[in-house]
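Structure assessment
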Amino acid sequence: MLAKKTLLGVLCALMNDGAFDFTAYPHRHLLGIEGLSPVALSLILDRADSFVELNRRHENKLSTLTGRTVMNLFFEDSTRTRTSFELAGKRLGADVINMSVSTSSIKKGETVVDTAMTLNAMHPDVLVVRHSDAGAVKLLAEKVNCAVINAGDGRHEHPTQALLDALTIRRRKGRIEGLQVAICGDILHSRVARSNIHLLNAMGARVRLIAPKTLIPADVERLGVEVFYEMEAGLKDCDIVMMLRLQTERMHGSFFPSVREYFHFFGLDYEKLEKAKPDALIMHPGPMNRGVEIASDVADDIGRSAIREQVEMGVAVRMACLEVLCANLGIEGV
Amino acid sequence: MGTKPTPTENAKEVLGRSAFVNARLLDPATGLDAMGGVLTDGEVISDFGPQMFTDSVPEDAKVIDCKGKCLAPGLVDMRIAMSGSDFTTTGKAAVAGGITTAVCLPNTNPVIDDGSVVEFVARAARKAGLVKVYPYGAITKGLEGVEISEMGLLAEFGAVAFSDGNTAIRDAQTMRQVLLYASTFGLMIMEHPEDPSLAKGGAMNEGETATRLGLPAIPKLAEVLIIERDLRLARDTGGRLHFSHVSTKESIEAIRQAKMDGMSVTCDTAPPYFSLNEGAIGDYRTFAKLSPPLRSEEDRVAVIEGIKDGTIDAIASDHTPRHEDEKRLPFAQAATGGVGMETLLAITLELVHNGHISLIEALSMVSSGPADLLGLNAGRLKKGAPADLVLFDVDKGWKVDGDQLHSKAKNTPFDERPVQGRVLRTVIDGRTVFELNS
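Residues numbered from 1 in each chain as written. Chains lettered and ligands numbered in written order. Predicted model: local features only at pLDDT ≥ 70, side-chain atom pairs only at ≥ 80, totals over all residues. Heavy atoms only, no water.

1. Some thoughts on the interface of chain A and chain B
The criterion, for reference: Any two residues whose heavy atoms approach within 4.5 Å are treated as being in contact. Put simply, buried area is how much 1.4 Å-probe accessible surface two parts lose in total, over both of them, once they are put together. The salt bridge definition used is simple: a Lys or Arg side-chain nitrogen within 4 Å of an Asp or Glu carboxyl oxygen. Identification of polar contacts relies on pairs of N or O atoms within 3.5 Å, with a donor-acceptor requirement for protein atoms, meaning one able to donate a hydrogen and the other able to accept it, and with residues adjacent in sequence counted only if both atoms are side-chain atoms. The secondary structure listing takes helices from DSSP runs of H or I that are at least 4 residues long and strands from runs of E that are at least 2 residues long, numbered from the N terminus. Gly falls in the polar group here, along with every residue not listed as nonpolar (Ala, Val, Leu, Ile, Met, Phe, Trp, Tyr, Cys, Pro) or charged (Asp, Glu, Lys, Arg).
Across the contact, 23 residues belong to chain A and 17 residues belong to chain B. Of the roughly 1,700 Å² buried between chain A and chain B, counting both surfaces, carbon and sulfur atoms make up 58%. Applying the counting criterion to the chain A and chain B interface returns two salt bridges. Between Arg212(B) and Glu34(A) there is a salt bridge whose closest N-O contact spans 2.5 Å. Linking chain A with chain B are seven residue pairs in polar contact (both at pLDDT 80 or more). For the side of chain A that touches chain B, the secondary structure elements donating two or more residues are helix H5 (112–120), helix H6 (136–141) and helix H8 (191–202) of chain A. The biggest single contributor to the side of chain A that touches chain B is H6(A), with three residues. Split by residue class, the side of chain A that touches chain B holds nine nonpolar, five polar and nine charged.

Structure below.
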């Protein structure tokens, strides 16, 4: 069934002048990775892959989304993700508008739902939303007519980050299935970790989590992961090492005693990295805290670190997401 | 559906006698379950029993044919929160749920930490002429957990027991003093068992669902921790302790053990904790955000066990009305609580329909049980007692519909749930205050 669907996609692609079978992604929004099928995920990854070369060219503007409006709505500060979406929209020919909802205006009493209704009245085609509360993007999506992309909601999900990580892995390793991936650090507060767990599991990788017990969420094993509390054991024979940023801004209370101690036990340096496979790929969603979760020399190791490449894949993945959702706009039942 | 509020101002009319005939008579206090009838005279029950009215009905009595349906003492709901001071809306919701007596939490505005507020609550409820409302007094002034309120005086004014609403007494020394002082006067302390530091910032029960949803969580440990602390303190002080809405397996085990040790401790739970689990939150349904939070399936089953073996003494609705604006928010920001008076009977009857307890046992959990706990003259059929009655169809199926509720707030965690057991008529002090329109 799966093979048939992919074959159909290829046929459609051939017949339709390089177009993809967008019905493989039968959803109006992209709110999270959980629940998406491998076929849907592959569609986005395949499509994104085709944008990578284009993005490297001097003439890289398309007209696929001419006449479409993409609104970036960030309730939480962001530079990288917002810029990445902005660039993705513009490369496809869409009009992109950035709305920064400062924390002060939320404190003035406007709710997510009010903001959603206001923006909906302006008829955007895609809303790209980030919010500090889990579920807030879904709540907003229920109140609008356009497509919504979750650009991060609390500690819940950050689907485009997981997709760009997957694309990076796929291009470097040629596959995702069967790889041993270690996600290390502040799992508790990380939406990146949650989205990656769902995506990597869906695509057949094996996922390990490594962190002190205070940064591991309850019953996380039930998401299909192996949990380690020691870097050396957890990194053993891994193909991919994903480091997470310590999200001190989300920490209320005492999760670890000091940065020095954290780095000593859970920071990635060459000594700990030795336990992983010799060709293990190092990843980080950024922004990095050098000397906190990752040693500078490891982060800058051109041969092993894919950190800059992740940023590049980010634009391609977001182009694919915008294109797929716009293709589905107005289709009944999607 | 509709209510028939009887303005007490015009209540000078002669009530006369009413004969409730052809009823399945249920009295949880005595275990009576037989076909029979009730005769009311004015505001009180003048006679009742099996085989009543089989030969004749007093000529001057108004006859109400119960058509074989269940006639029982009106329900006693030992835990509701008032929304503002709108006793009419609250009253309508209560009587539509068959509740004739309710006890309200002190976390009103102003807080019930002063005798005048106790009197106001009682008077406002009487004026609305619907459900009888008794207040809890605040344990500490302003519910701040620091200074003990005038519990002795509040009790004289009519506070039936003491509670700090949905906050536990954080400080062990304060709790010790509270128990010691209350035991001087034989007053009951009702604790909301949730350690504030463990619950801080939490939006739901800790576990797989919270991890998946990325929501900050409250470990279930927060409940048993306070229960064990308070039990320890009460062993020392001899105070009369009650735990409200217990929801975890470990809590129930701790209370069961304390009861076996002979301590005078009691507890209640609320319908969500034996009929729902954390799965009801689904995709961030804020109507399922409660305090304490909905727990795991294992806990839900343990609550049922606690009801079956008598560890849990009563079921309260935990009625907490919330405005739409307090619920239509991202989950972590949304207010806790659900309305529950209109579903109290039907959800409690699920325990009967599912074969866990008998009908008499279920009724005692929501009438004579809580009435006895609080020393209220309610919840039983007795000659000379107030004629507070509920007539219900134990089998009638219906579907909970938030929009159809009588309460102004529609935040029910049971929306769209098919249930069995429907209130047909509610009588308070001999007057019919609710009748289900067919």
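So that's the structure; there's more coming.
2. Some thoughts on the pattern of salt bridges
Keep this limit in mind: Under the scheme applied here, a residue whose accessible area is under 20% of the maximum for its type counts as buried, over 50% as exposed, and between as partly exposed, the area being computed with a 1.4 Å probe on protein chains only.
Tallying each qualifying case throughout the model produces 45 salt bridges over all chains. Residue Asp237(A) pairs with Lys236(A) through a salt bridge whose shortest N-O separation is 3.4 Å. On the basis of relative accessible area, Asp237(A) is assigned to the partly exposed category, the value being 42%. Residue classification places Lys236(A) among the partly exposed positions, given a relative accessible area of 47%. Of the charged contacts in the structure, one is a salt bridge between Lys69(B) and Asp393(B), with a shortest N-O distance of 3.5 Å. In this pair, Lys69(B) sits in the loop between strand S5 (62–65) and strand S6 (70–73) while Asp393(B) sits in strand S18 (residues 389–399), placing the two residues 324 residues apart along the sequence. Lys69(B) gets classed as partly exposed once you look at its relative accessible area, which sits at 30%. On the accessibility criterion, Asp393(B) (13% relative accessible area) is buried.

3. Topic: the packing of helix H2 (residues 38–56) of chain A against helix H7 (residues 159–173) of chain A
Residue and element names in this part refer to chain A. This is how it is decided: Lines are fitted to the C-alpha atoms to define the axes, a helix being fitted only along its stretch in contact, and any angle between axes, read from their N-to-C directions, falls within 0 to 180 degrees. Angular relationships are summarised with four words: roughly parallel below 35 degrees, roughly antiparallel beyond 145, roughly perpendicular across 65 to 115, and oblique for the angles in between.
Interaxial distance between H2 and H7 falls to 10 Å at its minimum, and their mutual angle equals 70°. With respect to each other, H2 and H7 are oriented roughly perpendicular. Contact residues: Leu-41, Ser-42, Ile-44, Leu-45, Asp-46, Ala-48, Asp-49, Val-52, Glu-53 and Arg-56 in H2; Leu-163, Ala-166, Leu-167, Arg-170 and Arg-171 in H7. Looking at the contact of H2 with H7, its residues break down into eight nonpolar, one polar and six charged.

4. A few points about the packing of aromatic side chains
Residue and element names in this part refer to chain A. This is how the line gets drawn: When two rings of Phe, Tyr or Trp (its six-membered ring) have centres within 6.5 Å they constitute a pair, described as stacked for plane angles under 30 degrees, edge-to-face for angles over 60, and tilted for the intermediate range. Cation placement over rings: the criterion is NZ of Lys or CZ of Arg within 6 Å of the ring centroid and within 35° of the ring normal.
This structure, assessed with the given rule, holds four aromatic pairs over all chains. Note on Phe-256 and Tyr-262: the rings are 5.2 Å apart at their centroids and 45° apart in plane angle, and the pair reads as tilted. For the pair shown, Phe-256 and Tyr-262 are each scored as buried. One aromatic cluster is present, formed by Phe-256, Tyr-262 and Phe-266 through successive ring pairs. Its end group placed over the ring of Tyr-229, Lys-213 keeps NZ or CZ at 4.8 Å from the ring centre. Above the plane of the ring of Phe-263 lies Lys-272, whose end atom (NZ or CZ) is 5.7 Å from the centre.

5. Points about the confidence of the model for chain A
All names here are of chain A. Defined as follows: pLDDT expresses, on a scale from 0 to 100, how confident the predictor is about each individual residue.
A residue-level look at chain A finds 91% of positions with pLDDT of 70 or above and a mean pLDDT of 91. Ignoring residues within four places in sequence, the model shows residues 1–5, a span with pLDDT below 50, making four contacts including any to other chains. Segment residues 7–17: pLDDT under 50, and six contacts once partners within four positions in sequence are set aside and those in other chains are kept.

6. What to know about helix H8 (residues 249–260) of chain B
All names here are of chain B. In plain terms, the rule: Any helix carries an expected span of 1.5 Å times its number of residues minus one. Directions are taken from the helix axis to each C-beta atom, and the arc is the one they span.
With 12 residues, H8 extends 17 Å from end C-alpha to end C-alpha; this agrees with the ideal 16 Å at 1.5 Å per step. Residues of H8 that are buried: Ser-251, Ile-252, Ala-254, Ile-255 and Ala-258. Projected down its long axis, H8 shows its buried positions confined to an angular sector of 160°, all on one face. If you follow the buried residues of H8, they end up packed against helix H7 (221–237), strand S15 (240–243), strand S16 (265–269) and helix H10 (297–308). In the stretch just after H8, Gly-262 is the one whose phi turns positive, near 90°.

7. Considering the nonpolar core
Counted only if it meets this: We define a nonpolar core as any set of buried Ala, Val, Leu, Ile, Met, Phe, Trp, Tyr and Cys residues linked to one another through side-chain atoms lying within 4.5 Å.
If you look at the biggest cluster of nonpolar residues, it comprises 101 residues, and the most contacted ones within it are Leu163(A), Ile183(A) and Leu268(A). Considering every element that reaches this core, the biggest residue donor is helix H13 (residues 307–328) of chain A, with 12 residues. The contacts of Ile183(A), once residues within four sequence positions are left out, are Ala193(A), Asn196(A), Ile197(A), Leu200(A), Val207(A), Arg208(A), Leu209(A), Ile210(A), Met242(A) and Leu244(A). Core analysis: the second largest hydrophobic core is formed by 100 residues, Met151(B), Leu154(B), Ala280(B) and Val419(B) among them.

8. Quick look at the pairing of strand S6 (residues 206–210) of chain A
All names here are of chain A. Our working rule: Any two strands between which DSSP finds at least two bridges are classified as paired. Orient the strands so they point away from the viewer; a crossover is then right-handed if the path from the first strand over the helix to the second runs clockwise.
Among the five residues of S6, four are classified as buried, and the element is accordingly described as predominantly covered. The pairing of strand S5 (residues 180–184) with S6 spans five bridges and is parallel. When the bridges of S6 are listed, Ile-183 appears paired with Leu-209. Chirality of the crossover, the property in question, places the unit of S5, H8 and S6 among those that are right-handed.

9. Describing the confidence of the model for chain B
Residues of chain B with pLDDT of at least 70 account for 96%, and the chain-wide mean is 94. Taken together, the chains of this predicted complex give a pTM of 0.92 and an interface ipTM of 0.89.

10. Here we look at the pairing of strand S19 (residues 418–428) of chain B
Residue and element names in this part refer to chain B. Across the 11 residues of S19, eight count as buried, placing the element largely inside the fold. Two strands pair when backbone bridges link them, and S18 and S19 are joined in this way by eight bridges, in the antiparallel orientation. Residue pairing in the sheet places Lys-399 in a bridge with Pro-418 of S19. Note that S19 and strand S20 (residues 431–435) share four bridges and pair antiparallel. Bridge pairing links Thr-426 to Phe-434 in S20. Counted between consecutive antiparallel strands, the loop separating S19 from S20 contains two residues, among which Asp-429 sits at a positive phi close to 50°.

11. What to know about unusual backbone geometry
Omega for the peptide link from Gly286(A) to Pro287(A) comes to -10°, which places this bond in the cis form. Residue Ser291(B) is joined to Pro292(B) through a cis peptide bond whose omega torsion reads -5°. Position of Pro292(B) relative to the elements: it lies in the loop between helix H9 (271–275) and H10. Non-glycine residue Lys67(B) carries a positive phi angle of around 50°. Relative to the assigned elements, Lys67(B) resides in the loop between S5 and S6. The backbone of His245(B) shows a phi angle near 25°, a positive value even though the residue is not glycine. Secondary-structure assignment places His245(B) in the loop between S15 and H8.

12. Things to note about the sheet that holds strand S8 (residues 99–104) of chain B
Residue and element names in this part refer to chain B. If you trace the three strands from one edge of the open sheet to the other, you get S7-S8-S9, paired in parallel fashion. What marks the edges here is a single partner per strand, and that holds for strand S7 (75–80) and strand S9 (132–135). Strand-to-strand, the axes of this sheet are offset by a mean angle of 20°, without reference to chain direction. Of the strand pairs in this sheet, S7 and S8 are connected by four bridges, and their pairing is parallel. Across the sheet, residue Val-76 finds its bridge partner in S8, namely Thr-101. Sheet strands touched by helix H2 (residues 115–128): S8 and S9. Its angle to S9, the strand with the most contacts, is close to 175°.

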